[in-house]
Amino acid sequence: MDEFLNQLDDKCLCISTIPAKGRCLFTTRDFSPGEVIISETPYVSVPNKKTESPESKCEWCFSSSSLKKCSACKVVYYCSSSCQKLDWSMHSVECQALSKLGKDRVKSLTSSIRLMVRLYLRRKMEIAKVYPITASESYKNIEVLVSHFSDVDEKQLVLYAQMANLVSLILQCPEFEIKEIAENFSKLACNAHTICDKELNPLGTGLYPTISLINHSCSPNSVLSFEGKLAEVRALELIPKGAEVLISYIEIAGSTVTRQKALKEKYFFTCTCSRCICLGQPDDTRESAILEGYRCKDTICDGYLIREPGDIGFICQSCGSLREREEIKDIIKAVHLMSDKAATFLSSGNKLEASAAYKLVEDFQMKLYHPFSIILLQTREILLKIFMELLDWKQAILYCRLTVPVYERVYPRYHPLLGLQYYACGKIEWSLTKAWDILKINYGTKTAFMVELLAKLEEARAEASYLLHHYERED
């Protein structure tokens with residue numbers, strides 16, 4: 001442990017324990033916006049398993065191209081011999097276990113099951129001293145992670161027990177008790193991270209013991225991103241010496257009640273960040289009503305509604321008008337019916353019909369929700385995607401412009417989702433300067449993704465410069 005703490009000290013970080021939060025990661029120097037605070041390779045990782053394409057990614061790099069199945073276990077895929085060699089120290093042992101499974105059991109191999117199998121195989125190899133151990137890469141760092149096992153409900157405990165039984169059958173290692181494996185599933189649920197590409201598309205799951213020390217805030221000062229499987233935590237703002245490093249575990253665009261519910265259900269704690277301590281205060285109530293509540297029925301009024309004490313309806317906090325509960329229920333019913341129809345069109349590939357149906361959903365929602373509503377935003381994002389796929393750029397530009405103000409309201413200045421929304425709009429309007437300014441903080445300037453973005457930005461600038469000079473000559 002001393003060696004591990006020394007390694008953190010070399011990175012200008014330290015661990016402190018706070019009674020209400022447990023272990024926390026603190027800085028021992030200032031970190032500038034965009035600076036990498038810590039990076040870590042996964043202790044174990046697996047690609048995501050998709051229902052429509054169960055074996056769709058390389059085990060090592062998560063690529064989806066040029067895949068070849070392992071000839072022995074016929075479960076794992078690689079995109080090249082080099083990736084296979086890099087993963088061989090783990091898969092050579094895993095392959096023996098997977099090769100013994102029948103077809104029915106192979107179908108039961110979810111990403112979580114495979115991650116747990118790899119976790120115990122690595123532990124077994126560490127015990128046998130055939131796998132390298134370092135201060136930061138040791139099963140001891142997994143043992144000290146919080147599991148919240150005692151907080152898990154009975155239904156989930158039964159599921160963990162069933163999953164643990166399958167892992168035990170695969171491992172054929174009686175020294176690993178089923179109860180311990182089940183508890184480790186709870187530990188993975190609280191500590192594993194979804195590995196994403198630069199556009200935040202999920203690729204796989206990894207366990208990063210050091211990064212798991214970082215606590216949550218709904219107003220984070222840092223962001224977790226990935227370069228391949230390498231996890232990087234970068235500063236979103238100036239983080240002074242002695243400050244705690246904080247990332248967000250959940251989607252932070254939502255009311256305080258919604259965020260608290262999500263954290264309690266998955267991570268078993270109540271957040272006390274600067275946003276959450278305002279729960280119930282006037283500004284928090286107003287913001288929550290705007291993001292997830294109903295609007296005033298007077299289209300000229302921009303007021304938000306609060307439930308009337310008699311439960312007859314909702315009172316506008318600006319003009320005082322009453323919006324009856326039955327009227328709201330009727331609109332919600334219409335929204336649900338049309339949403340189901342739109343989703344059916346979309347799933348069957350009828351994009352034109354889907355766009356028309358979602359526009360009707362949007363019309364209903366505009367009567368019910370505030371312009372900054374998260375619910376209305378979700379419908380408009382679906383329409384944006386449909387129009388981009390239909391190459392209807394006029395409509396796509398319109399919906400881009402409708403979504404950006406909501407993103408600007410609900411996300412901090414340098415949040416990656418805000419930058420990626422500018423980037424999505426940039427594909428249509430070349431709004432790349434804003435995308436660059438934000439995403440360089442999250443991803444640095446030298447990654448392939450950012451190099452490509454810079455090239456597009458320079459291309460757009462060159463085109464703008466040419467047009468400007470062209471018009472000046474005409475004048």
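Residues numbered from 1 in each chain as written. Predicted model: local features only at pLDDT ≥ 70, side-chain atom pairs only at ≥ 80, totals over all residues. Heavy atoms only, no water.

**Notes on the confidence of the model for the protein chain**
Selection criterion: pLDDT is a residue-level measure of predictor confidence that goes from 0 to 100. Whether two residues touch is decided by their heavy atoms; if any such pair falls within 4.5 Å, the residues are in contact.
With 93% of its residues at a pLDDT of 70 or more, the protein chain shows a mean pLDDT of 89. Scored below 50 in pLDDT, residues 466-475 makes zero contacts in the model with residues more than four places away or belonging to other chains.

**Observations regarding the nonpolar core**
Convention followed: The criterion is simple. A nonpolar core is a set of buried Ala, Val, Leu, Ile, Met, Phe, Trp, Tyr and Cys residues joined through side-chain atoms within 4.5 Å. Burial status follows relative accessibility: with a 1.4 Å probe on protein chains alone, a residue under 20% of its type maximum counts as buried, one over 50% as exposed, and anything between as partly exposed. Only DSSP runs of H or I with at least four residues qualify as helices, and only runs of E with at least two residues qualify as strands; both kinds are numbered from the N terminus onward.
Core analysis: the largest hydrophobic core is formed by 47 residues, its most contacted members being Tyr294, Val410, Tyr411, Leu439, Phe449, Met450 and Leu453. Listed by contribution, the elements that provide at least two residues to this core are strand E14 (313-316), helix H10 (325-347), helix H11 (351-368), helix H12 (374-389), helix H13 (393-410), helix H14 (416-429), helix H15 (432-443) and helix H16 (448-474). Here this core gets seven residues from one element, more than from any other, and that element is H13. Non-local contacts of Val410, meaning those with residues more than four positions away in its chain, are made with Ile252, Ala253, Leu291 and Ile374. By size, the runner-up hydrophobic cluster in this structure holds 44 residues, among which are Tyr120, Leu121, Tyr160 and Leu207.

**Here we look at the sheet that holds strand E3 (residues 36-40)**
For the record, the criterion: We call two strands paired when DSSP finds no fewer than two bridges between them. To obtain an axis, a line is fitted to C-alpha atoms, over the contacting stretch when the element is a helix, and the angle between two such axes runs from 0 to 180 degrees between their N-to-C directions.
A sheet is described by the order of its strands in space; here three strands give the open sequence E3-E11-E10, paired in antiparallel fashion. Looking at the sheet topology across the chains shown, the edges are occupied by E3 and strand E10 (222-227). Neighbouring strand axes in the sheet, compared pairwise and without regard to direction, differ in orientation by 20 degrees on average. When E10 meets strand E11 (residues 230-235), the two strands line up antiparallel, connected through six bridges. Looking at E11, one finds that Val223 is bridged to Arg234.

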